[in-house]
Amino acid sequence: GAGVSQSPSNKVTEKGKDVELRCDPISGHTALYWYRQRLGQGLEFLIYFQGNSAPDKSGLPSDRFSAERTGESVSTLTIQRTQQEDSAVYLCASSVSSGARVAKNIQYFGAGTRLSVL
Amino acid sequence: GQQLNQSPQSMFIQEGEDVSMNCTSSSIFNTWLWYKQDPGEGPVLLIALYKAGELTSNGRLTAQFGITRKDSFLNISASIPSDVGIYFCAGGISGTYKYIFGTGTRLKVLA
């Protein structure tokens, strides 16, 4: 597709269940990011992938959170044993690694997955 | 997680008025981005800044990369109802593709 695609758009789960959130980046984008946005707040960095380099996981809030990305394609964010405080919108963004200044480092966002933990 | 300070947190203005908001940090960034987020959507890029002191315009929007590299400003002239939304700044960390986002400025325009 033309933009970053995230699925599902909404997810309601029970406390203690595991959830998987999916992100399809823009084709050709080597960098992929996950952010968490709690209601009424800003974007909280979680993790980013850059090509085949080791991901930067410094923003993951606990070991219940993990993410994978195969090559330069789809990424999955997994939250195990969900808690109510995990309720938030999870945003994915991708960017192209390019020598072109105008395109460098600019992140394009998906619409997000709204996670509600009951 | 770390977030940058944005001010004001929210604004109510009359249609046609100009708007100013800023983002400050204790750290130096090599890139500043400004995004707008509508309800239920992801942020959309408005302006990108790459050099200290740079002033860039996009229609009614003008943004500046602070000379100290620790701040950035966004101005919206002659606001219209569709300017309503949340505006985020993001500072890019040198040598990485990592960004730190601001806490957001919520703008409401009264017709």
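Residues numbered from 1 in each chain as written. Chains lettered and ligands numbered in written order. Predicted model: local features only at pLDDT ≥ 70, side-chain atom pairs only at ≥ 80, totals over all residues. Heavy atoms only, no water.

Visitor: Please provide a residue-by-residue account of the sheet that holds strand β7 (residues 61-65) of chain B, values included.
Guide: Residue and element names in this part refer to chain B. Strand order in this open sheet of 5 strands is β1-β3-β8-β7-β6, and the pairing throughout is antiparallel. Of all strands in the sheet, those bounded by a partner on one side alone are β1 (5-7) and β6 (55-58). The sheet shows a mean angle of 15 degrees between the axes of neighbouring strands, taken without regard to direction. (Pairing = 2+ DSSP bridges. Helix = DSSP H or I, 4+ residues; strand = E, 2+ residues; numbered from the N terminus. Axes fitted to C-alpha atoms, helices over the stretch in contact; angles between N-to-C directions.)

Visitor: Quick rundown of the pattern of salt bridges? Include the residues and the values.
Guide: In a structure, side chains of opposite charge can pair up when their charged atoms sit close to one another. Enumeration according to the criterion identifies 5 salt bridges over all chains in this entry. When the shortest N-O distance is used, the salt bridge between A:R22 and A:D24 registers 2.9 Å. On the accessibility criterion, A:R22 (38% relative accessible area) is partly exposed. Assessed through its relative accessible area of 23%, A:D24 is described here as partly exposed. A salt bridge links B:D38 to B:K36, with the nearest nitrogen and oxygen atoms 2.6 Å apart. (Salt bridge = Lys/Arg side-chain N within 4 Å of Asp/Glu carboxyl O. Buried < 20%, exposed > 50% of the residue type's maximum accessible area, 1.4 Å probe, protein only.)

Visitor: Help me get a handle on the packing of aromatic side chains, residues and values and all.
Guide: Applying the stated criterion across every chain, the model contains 10 aromatic pairs over all chains. Measuring from ring centre to ring centre gives 5.7 Å for A:Y35 and A:F109, while their planes differ by 40 degrees; the resulting arrangement is tilted. Taken together, the residues span a long stretch of sequence, with A:Y35 in strand β4 (residues 31-37) and A:F109 in strand β9 (residues 108-109) at a distance of 74 residues. The residues A:Y35 and A:F109 share a single accessibility class, namely buried. On the numbers, 5.0 Å between centres and 75 degrees between planes, the contact of A:Y35 with B:F101 is edge-to-face. Placement of A:Y35 in strand β4 and of B:F101 in strand β10 (residues 99-101) is noted, with the two residues assigned to different chains. (Phe/Tyr/Trp six-rings, centres within 6.5 Å; stacked < 30°, edge-to-face > 60°.)

Visitor: Tell me about the pairing of strand β8 (residues 71-76) of chain B, residues and numbers included.
Guide: Taken together, the 6 bridges between strand β3 (residues 19-24) of chain B and β8(B) define a ladder with antiparallel strand orientation. Residue pairing in the sheet places B:C23 in a bridge with B:S72 of β8(B).

Visitor: Got a sec to walk through the interface of chain A and chain B? Specific residues and values, please.
Guide: Taken together, the contact between chain A and chain B spans 26 residues of the former and 24 residues of the latter. Counting each side, the surface lost to burial between chain A and chain B is near 2100 Å², with a carbon and sulfur contribution of 51%. Here chain A is connected to chain B by 0 salt bridges. For the pair chain A and chain B, the interface holds 3 residue pairs in polar contact (both at pLDDT 80 or more). Ranked by residues supplied to the side of chain A that touches chain B, first place goes to strand β5 (residues 43-50) of chain A with 5 residues. Taken together, the residues that form the side of chain A that touches chain B break down as 11 nonpolar, 11 polar and 4 charged. (Contact = heavy atoms within 4.5 Å. Buried area = accessible area lost by both parts, 1.4 Å probe. Polar contact = N/O pair within 3.5 Å; in protein donor to acceptor, adjacent residues only side chain to side chain. Nonpolar A, V, L, I, M, F, W, Y, C, P; charged D, E, K, R; others polar.)

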